[in-house]
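A structural walkthrough
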Amino acid sequence: MNSYAPQDAISEQAETVAHKGHFYGVYLLCSQSLDSRYRGKCYVGFTVNPKRRIRQHNLGCDFGGARKTSRKGPWQMVMIVHGFPNNIVALQFEWAWQQPALSTRLKIYPELKRKLPRETYFDYNFRILSRMLGVGPWNRLPLSVRWLETDYERAFNVPLPNHMEIVSGKVSISASQRKRADDTVAPAAAAWAAECHLCMQPIKQPERSRLGCTNPTCRLTSHMLCLANYLLSDEPGHYIPIGGECPLCETRLSWAALLQHKRLLSGVPEELQDQDEDLSDGPDVDSDVECMPELSD
Ligand SMILES: [Zn+2]
Ligand SMILES: [Zn+2]
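Reading the values: rules and limits
- Residues numbered from 1 in each chain as written.
- Chains lettered and ligands numbered in written order.
- Predicted model: local features only at pLDDT ≥ 70, side-chain atom pairs only at ≥ 80, totals over all residues.
- Heavy atoms only, no water.
- Donors = N, O, S within 2.8 Å, 3.2 Å for Na, K, Ca; no water.
- Tetrahedral: all angles 85-135°; square planar, octahedral: opposite > 155°, others 65-115°.
- Helix = DSSP H or I, 4+ residues; strand = E, 2+ residues; numbered from the N terminus.
- Buried < 20%, exposed > 50% of the residue type's maximum accessible area, 1.4 Å probe, protein only.
- Pairing = 2+ DSSP bridges.
- Axes fitted to C-alpha atoms, helices over the stretch in contact; angles between N-to-C directions.
- Contact = heavy atoms within 4.5 Å.

A short note on the coordination of the zinc ion (ligand 1)
Coordination of the zinc ion (ligand 1) by the protein involves C196 (SG), C199 (SG), H223 (ND1) and C226 (SG), with metal-donor separations of 2.1 to 2.4 Å. Note that the zinc ion (ligand 1) binds 4 donor atoms; their angles at the metal cover 98 to 119°, and the shape is tetrahedral. Each donor residue of the zinc ion (ligand 1) belongs to the same chain, and together they define the spacing C-x2-C-x23-H-x2-C. Of this pair, C196 sits in the loop between β7 (171-174) and α5 (206-209) while H223 sits in strand β9 (residues 221-223), and the two are 27 residues apart along the sequence. Both residues of the pair, C196 and H223, belong to the buried class.

Considerations on the coordination of the zinc ion (ligand 2)
Distances from the zinc ion (ligand 2) to its protein donors, namely C213 (SG), C218 (SG), C246 (SG) and C249 (SG), fall within the range 2.2 to 2.4 Å. Each of the 4 donor atoms bound to the zinc ion (ligand 2) contributes to angles spanning 107 to 112°, and the resulting shape is tetrahedral. Going along the chain, you hit the donors of the zinc ion (ligand 2) in the pattern C-x4-C-x27-C-x2-C. You'll find C213 and C218 in the same group, each marked buried.

Looking at the sheet that holds strand β2 (residues 25-31)
Taken together, the 5 strands give an open sheet; going across it, the order is β3-β2-β4-β5-β6, and neighbouring strands pair in mixed fashion. With partners counted over all chains shown, the strands left at the sheet margins are β3 (42-47) and β6 (165-168), one partner each. On average, each strand axis in the sheet is tilted by 25° relative to the strand beside it, whichever way the strands run. In the sheet, β2 pairs with β3 via 6 bridges, with the strands oriented antiparallel. Residue pairing in the sheet places C30 in a bridge with C42 of β3. Helix α2 (residues 50-59) rests against β2, β3 and β4 (75-82) of the sheet, and its axis sits at about 150° to β4. Its contacts with the sheet place helix α4 (residues 121-133) against β2, β3, β4 and β5 (144-147), and it is angled at close to 5° to β4.

Worth remembering: the numbers are spatial, not functional.
Here it is, written out as structure tokens:
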């Protein structure tokens, strides 16, 4: 191999275009902060548009970045897993990667519960990912593991299922005629407008129509109707759901408890509902879908 890496050639050759509305990715960020408290820390998130998402993380939470990553960067998006059939499957993958100790599918691997003393945050997250790709239901999905930063690129020490591919290079999302209303809103004007994890549309009257999960570590946000429909898909013939599994964290939900939970929360100011935790050890399902409109280029 040449010792001088033709950087430009690499990035040009590899920019892949994915179609808007068909791309669901779960990415890994690594902090390049000069502050030793943050340097090397990692963050797992979900996005439908990686380029927009990394920009948001680096601009901070006023621009749609996660509070957890705000002012702890700059962040590099080092890899992204894509090829999920829909946002729910991708969000489940994100949640398990963030919470290997809680995921029912990963609980059987106690070695994933925590980072080893000498292990870097990146190596720990890579170890969790390597395991996840071999476990059902994810091992049946036609996933692509895409390296976005060549410095981090390394071989998997377990063979991946044959139908998965390992690729490298950036990915951009093609524009679509179907312009979403919130794409046109200026970042400053758009407050923290939550989007539904299930239909990915904004929740216009959150105080009335937003439902979350009863598991405090889960950040599920959805329209009441979308969650009802999701739960009803397991109970054909009913109009009011009894319960079911949370689409994100697999917690067993009861519809009555969800409504009661909502009533309790509606009496509490928003900022007290989800407090910022320390980076890397607190659970956080902060996802692109919660975040803000496209920043103008
Ligand atoms: Zn919805
Ligand atoms: Zn949940």
